[in-house]
Amino acid sequence: MFTGLQDAINLAKKLTARKSWNAARVLSSYYSSRLTGRPTIGSLPISIAIEPTTSCNLRCPECPSGLRSFTRPTGMLKDDLFRKVIDELAPTLSYLIFYFQGEPYLNPRFLDMVQHAAGRGIYTATSTNAHYLDEKTARATIESGLDRLIISVDGTSQETYRQYRVGGNLDKVIEGTGNIIRLKKELKSKTPHVIFQFLVVQPNEHQVPEVYALAKKLGVDQVVLKTAQIYDFANGSDLMPVQEKYSRYKKNTDGSYSIKNNFDNHCWKMWHSCVITWDGKVVPCCFDKDAHHVLGDLTKESFRQIWFGDRYHAFRRSLFKSRKEIEICKNCTEGTKVWA
């Protein structure tokens, strides 16, 4: 219970000599770049995130999808674009997450895409609010070969849950989770590895112990606590947890708030991963939610051209110069951690 051992074994089984060599080259080029202060990239990314859609059924208060506040276009990832990317990267790609913004299950071709990637030997994951996991869809999810299913469950009572998951129904989340767990047993499947992700905010922080109990009752494999990103954090927010250990921000002596992490002038994510929007734009990471830093367009270029191209090189170089001056980095808690 609450272990990722089977999940880790599953991931390891998908590694090939070529993927392992690719990962080693990425890691060595990252540390070499840090030592020399000159960004060089050794190989293709270890992981990518791709966005099935920007649409969402909920209205979460710190989410561009929920707020309907995007300045970039909204839409659905198309099969041909997806297959182009996956077929190019499959020999070296170890991990693929179907998520950036939006609810993946709203894309009617989502599970077909999962099946295609799984068939190419790539470890696949997604994050969902679990409102669409009825019997049929839960079965299709398992049969697609999805390796990891992250379910957002930000409260253990409807009253608490709806304060962040605006428009959501906790009973549907629990029902959907139950469908996945039950059908995994019926189909004798070890996947997907089911994770309850609990976004800790002030309205629900008192329920942290309860989410572990709920997960155990349902048969969920793992619980992960996540700190909330607050866009306008300097003056505090009603969503910030009282217990600082659950917050990515700290209170200063003058009453203002600042992010806890240091702005080191490097970023592991720029070497091992990237994000692809539904319409084929390549952006640096998941903190660039509105795609302000477009490093290439996969409808016009190959992934390789973009990854090793001048715009990507210039962005990596800017991180080495002064990461704190890049707007999307100002709320980041993970970019400097290897294997974050």
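Up top is the structure these notes are about.
Residues numbered from 1 in each chain as written. Predicted model: local features only at pLDDT ≥ 70, side-chain atom pairs only at ≥ 80, totals over all residues. Heavy atoms only, no water.

(A) Structural context of the pairing of strand 9 (residues 273-276). Taking every second residue as pointing to the same face, both faces of strand 9 are buried, with Ser273 and Val275 on one and Cys274 and Ile276 on the other. Two elements, strand 9 and strand 10 (residues 281-283), share two bridges in a ladder whose sense is antiparallel. If you follow Ile276 over to strand 10, its bridge partner there is Val282. A loop of four residues connects strand 9 with strand 10, the two strands running antiparallel in sequence, and Gly280 in this loop sits at a positive phi of about 95°. (Buried < 20%, exposed > 50% of the residue type's maximum accessible area, 1.4 Å probe, protein only. Helix = DSSP H or I, 4+ residues; strand = E, 2+ residues; numbered from the N terminus. Pairing = 2+ DSSP bridges.)

(B) Fine view of the nonpolar core. Counting residues in each nonpolar core, the largest one holds 88 residues, and the members touching the most others are Phe82, Leu96, Phe98, Phe196 and Ile276. Every residue in contact with Ile276, bar those within four places of it in the chain, is listed here: Ile48, Ala49, Ile50, Glu51, Val85, Lys281, Val282, Leu298 and Phe303. The next biggest cluster of nonpolar side chains, apart from the first, holds 11 residues, and it includes Ile97, Phe100, Ile195 and Val275. (Core = buried A, V, L, I, M, F, W, Y, C linked by side-chain atoms within 4.5 Å. Contact = heavy atoms within 4.5 Å.)

(C) Structural detail: the layout of surface pockets. Approximately 370 Å³ is the volume attributed to the second largest pocket. In this structure, the second largest pocket is lined by 18 residues; those nearest its centre are Gln229, Tyr231, Phe287, Glu327 and Ile328. Per-class residue counts for the lining of the second largest pocket are eight nonpolar, four polar and six charged. (1 Å grid on protein atoms, 1.4 Å probe; cavity = no way out; pocket = protein on both sides within 12 Å on 5 of 7 lines; lining within 4 Å. Points joined across faces, edges and corners; volume = space filled by probe spheres on them. Nonpolar A, V, L, I, M, F, W, Y, C, P; charged D, E, K, R; others polar.)

(D) Geometry of the environment of Asn252. Among the structural elements, Asn252 can be located in the loop between strand 7 (249-251) and strand 8 (257-259). For Asn252, a relative accessible area of 26% translates into the label partly exposed. A C-alpha to C-alpha distance of 9.7 Å links Asn252 and Ala234, two positions 18 residues apart in sequence. Ignoring anything within four residues of it in the chain, the contact list for Asn252 reads Tyr257 and Ser258.

(E) The arrangement of the environment of Thr227 in detail. With respect to the element layout, Thr227 can be found in strand 6 (residues 222-227). Here the alpha-carbon distance between Thr227 and Thr74, two residues 153 residues apart in the chain, equals 26 Å.

(F) Inspection of the sheet that holds strand 2 (residues 95-98) at higher detail. In space, the nine strands of this open sheet follow the order 6-5-4-3-2-1-9-10-11, with mixed pairing throughout. Unpaired on one side and paired on the other, strand 6 and strand 11 (296-297) mark the two borders of the sheet. When strand 10 meets strand 11, the two strands line up antiparallel, connected through two bridges. The residue of strand 11 that forms the bridge with Lys281 is Asp297.

(G) Representation of the packing of helix 4 (residues 79-89) against helix 5 (residues 110-119) within the structure. As a packed pair, helix 4 and helix 5 sit with axes 11 Å apart at the nearest point and diverge in direction by 20°. The angle between helix 4 and helix 5 places the two elements in the roughly parallel class. At the point where helix 4 passes helix 5, the crossing takes the right-handed sense. Listed contacts from helix 5 to Asp79, Phe82, Arg83, Ile86 and Asp87 of helix 4 are Met113, His116 and Ala117. For the contact of helix 4 with helix 5, a count of residues per class yields four nonpolar, one polar and three charged. (Axes fitted to C-alpha atoms, helices over the stretch in contact; angles between N-to-C directions. Parallel < 35°, antiparallel > 145°, perpendicular 65-115°, else oblique. Left-handed = near helix turned anticlockwise from the far one by under 90°.)

(H) Representation of the pattern of salt bridges. Enumeration over the complete set of coordinates arrives at 14 salt bridges. Several salt bridges converge on common partners, so that one network encompasses Asp79, Arg109 and Asp112. (Salt bridge = Lys/Arg side-chain N within 4 Å of Asp/Glu carboxyl O.)

(I) Summary view of helix 9 (residues 208-218). All of the buried residues in helix 9 are Val208, Val211, Leu214, Ala215 and Leu218. The buried residues of helix 9 occupy an angular sector of 110° when projected down its axis, which confines them to one face. In helix 9, the exposed positions that point more than 90 degrees away from the buried face belong to Pro209, Lys216 and Lys217. Check the buried side of helix 9 and you find it contacts helix 8 (170-186), strand 5 (193-200) and strand 6. (Arc of directions from axis to C-beta.)

(J) Highlighting helix 5. Judged by how many residues are buried, helix 5 sits mostly within the fold: seven of 10 residues are covered. Here helix 5 has its buried residues at Phe110, Leu111, Met113, Val114, His116, Ala117 and Ala118. Summarising the contacts, the buried residues of helix 5 are in contact with helix 4, strand 2, strand 3 (123-128) and helix 6 (135-144). Looking one or two places after helix 5, you find Gly121, whose phi comes out positive at around 80°.

(K) Geometry of unusual backbone geometry. The omega torsion of the bond from Thr191 to Pro192 falls at 5°, within 30 degrees of zero and hence cis. Even without a glycine there, the phi angle at Ala291 is positive, about 55°. Among the structural elements, Ala291 can be located in the loop between strand 10 and strand 11.

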